[in-house]
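Here are the chains, one letter per residue:
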Amino acid sequence: MSRNPRYDILFEPVRIGPVTAPNRFYCTPHALGTGNQMPHTRASMREVRAEGGWGVVNTGYCSIHPSSDDSPLPNCRLWDDADIKVHALMVDAVHRHGALAGVELWHGGAVTGNRMTRIPLLSASGISAEPTYPGWISLAKSRTMDKQDIRDLRRWHVDAAKRARSAGFDIVYIYSGMNFGPYQFLLPAVNQRTDEYGGSLENRVRLTREILEDMKNAVGNQCAIALRFSTDELLRVPGETMQSEAHEIVSMLAELPDLWDLKSSSWVVETASARFSEQGAQEPYVSFAKSLTSKPVVGTGRFTSPDAMVSQIKRGILDLIGAARPSIADPFLPNKINEGREDEIRECIGCNICVSGYHDCVPVRCTQNPTMGEEWRRNWHPERIPKGDPEQRVLIVGAGPAGLECARALGQRGFAVTLAEARDALGGRVAIESRLPGLASWSRVRDYRTNLIRKMPNVEIYCGNLLSAGEVLDFDCDYAVIATGANWSAGILGLDGYPAAALDNDSVFTPDEVLAGVTLDGPVVIYDFDHYYMGSCLAELLRASGHDVTIVSNASAVSAWTFMNNELAEIRSRMLELRIRTELEQMVTRYAQGMVELTSIYRDRTVRTIECGALVIVGARTPNDDLYRELASRPDALADAGIGKLRSIGDCRTPGAIVHAVYSGHECARRIDADDDCEQVGRERPVI
Ligand code: ADP
Ligand code: SF4
């Protein structure tokens, strides 16, 4: 197939200072959860995107000096010449595919912890960042930079830029955004200096200008100098001659950088999930810039639609289509558009599981792309997979995310696959959960896979088939894969935190029952000790249908885990907007006569009651593994039936998030014909 001419504009080269991007697909700097400790993992995670057609591939934030140390978060660094080699690995990998490699040089100023290096934090005026999330609160405050500190900061940028050039990078960033280093000097509320670096806008811009000029002088003849700049806060500050200080800063520095990379100052806003933002939501922070500079502008917006990308360019918003998440979900997105295969794009669903990987200090994981982070360690490629034996038949029972991914990957491997599903529709939990408020895009987990599977002549699908163990044994197959999911349990926790006996009350329901449309009466209490999206999503759903809703949680926040995927604050705001009450740090201990008893999790064990017509328990999920267990208990029958391997995958094996189910299905497909005892997994080792 050939490219739709409508998308030709996306494949135009773009000049960026002394270098030229081969097209407009730009993988913006984003953390990968690898740091310098995992150079091969990182190089492979970036390389696969260059191979997939991204014209520019950047590192994540790269510290220029030990006074900017984000440990234990796995960021990369260029502190001395010994760090060059680690980066050259990635640069070479990106260059192999004709893409440009960029490095986001970064000094965090007061917005880092220096937990490892223990160097005092630097800031414009001794004003420290004051986050409210426990994970980000630092007990170390910052000190005001003196003139020598400023000279040092400029020199560190230059030294790191020279190292970056030695590593082979084509684009070198200065990061003046998101409250980091030089950006703190731009903000009138944070910069209270009375010297030539404070006061007037010209003075506040001085440091960013100086670093830009220093870097241009040092490496600008070979490398493009990019300026990453956050606009949203400064768009709210009226300018002296223009409508905002953001406008004024862009016009003051307009032609100095070779590239403007614009974004929001808040990571939570920038990475807003699909539940809280649409594709292209960053446009208001970026749209003003192109009228003020002739240099190329890049910005993000979780773009997965080529038409939305073309619109950004034609309307003069962006020159380069920036992407982090869409490039994680589908490293081959540009090539698919180029080859007229846009219907095969594995679209990002906006769930932000990738963000949680970074917070977990492990390589980012992706719900849609199970190979992300496994490129080097397991040699998994997002598009290629070893061929299997087309004579071998595989029966997969259950077509949720696990079964669908397993069928897709086994189909791609060439096996003869049969996928049996009890319901009339494919998708399992995503078919149901994507009907929850804000989660419509989650249906892409199903749609991407069913679209590909339906084109595969070697994969047969049977819906409306609830298979028994006898039917599996009667089916003529070499391998049987059980992907029958999990069910929510109505059990609660005892005060010791372990499972307790279920409440004896007819008005107790599970999310499965609510999602199946059961009628709830009176005020609804949702008791959430799952801590992810289900509790707050059900609260929204029930509120929209007119219920009075209270969420009870034993945690200190509603959907407490969502700190990890940057949704926590948005969820809290949504609960407040919808007047959904919250009872935090409480456990449900009894439910009788229309009243739920709440007991404090703390030593005082204070007991209260609240009115409740229906109690929805969002707690544990138990595997729906009866079929698997019955089959596994009959090895002789399996052998007689010619079934060489029986596997359970996804929630049926271990209940988890959708990302785990997809991964499990993929892993099973790759290894169905492998010797289970001999998987070789790569491990990066420090060399002594
Ligand atoms: P996962 O997330 O692990 O993929 P899901 O719960 O999303 O799990 O999907 C499991 C699917 O398995 C559901 O669509 C369910 O209807 C189907 N299923 C469960 N038991 C059987 C069975 N015995 N035969 C066929 N399909 C089944
Ligand atoms: Fe998109 Fe979710 Fe994958 Fe992140 S984890 S890239 S948000 S699909």
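Structure: above.
Structural notes, computed from the coordinates. Just so it is clear, the structure is predicted and the values come from calculations on it, not from any experiment.

### A closer look at the site of ligand 1
As a matter of local geometry, ligand 1 sits amid 23 residues, with Ala402, Glu421, Ala422, Arg429 and Asp651 nearest to it. In the model, an oxygen atom of ligand 1 is placed 2.6 Å from a nitrogen or oxygen of the Glu421 side chain. In the complex, 93% of the free accessible area of ligand 1, which totals 580 Å², lies under the protein chains. Because more than half of its atoms lie within 2 Å of the grid, ligand 1 is assigned to the second largest pocket. Split by residue class, the shell around ligand 1 holds eleven nonpolar, eight polar and four charged.

### Some thoughts on the pattern of salt bridges
One pass over the structure, following the stated rule, counts 47 salt bridges. The shortest N-O distance in the salt bridge between Glu344 and Arg341 comes to 2.7 Å. Accessibility classification places Glu344 together with Arg341 in one group, the buried group. Residue Arg574 pairs with Glu577 through a salt bridge whose shortest N-O separation is 4.0 Å. Note that Arg574 and Glu577 are positioned in helix H20 (residues 568-577) at a spacing of three residues, about one turn of the helix. One continuous salt-bridge network, built from bridges that share partners, spans Glu339, Arg341, Asp343, Glu344 and Lys455.

### Considering the pairing of strand E10 (residues 224-230)
Taking burial as the measure, the seven residues of E10 include seven buried ones, the bulk of the element. Here E10 shows no split at all, with Ala224, Ala226, Arg228 and Ser230 on one side and Ile225, Leu227 and Phe229 on the other all buried. Relative to strand E11 (residues 259-263), E10 is paired through five bridges, and the arrangement is parallel. Paired with Leu227 across the strands is Trp260, a residue of E11.

### Quick notes on the sheet that holds strand E25 (residues 607-611)
Here we have three strands laid out as an open sheet, ordered E23-E24-E25, and antiparallel in their pairing. A single partner strand is all that each edge strand has here, and the edge strands are strand E23 (586-592) and E25. For this sheet the average axis-to-axis angle between neighbouring strands, irrespective of direction, equals 30°. Bridging between E23 and strand E24 (residues 595-600) involves six bridges; their strand directions are antiparallel. Across the sheet, the residue bridging to Met587 is Thr599, located in E24.

Conventions we followed
- Residues numbered from 1 in each chain as written.
- Chains lettered and ligands numbered in written order.
- Predicted model: local features only at pLDDT ≥ 70, side-chain atom pairs only at ≥ 80, totals over all residues.
- Heavy atoms only, no water.
- Near = heavy atom within 4 Å.
- Polar contact = N/O pair within 3.5 Å; in protein donor to acceptor, adjacent residues only side chain to side chain.
- Areas by Shrake-Rupley, 256 points an atom, 1.4 Å probe, with all protein chains shown as cover.
- 1 Å grid on protein atoms, 1.4 Å probe; cavity = no way out; pocket = protein on both sides within 12 Å on 5 of 7 lines; lining within 4 Å.
- Sits in = over half its atoms within 2 Å of the grid points.
- Nonpolar A, V, L, I, M, F, W, Y, C, P; charged D, E, K, R; others polar.
- Salt bridge = Lys/Arg side-chain N within 4 Å of Asp/Glu carboxyl O.
- Buried < 20%, exposed > 50% of the residue type's maximum accessible area, 1.4 Å probe, protein only.
- Helix = DSSP H or I, 4+ residues; strand = E, 2+ residues; numbered from the N terminus.
- Pairing = 2+ DSSP bridges.
- Axes fitted to C-alpha atoms, helices over the stretch in contact; angles between N-to-C directions.

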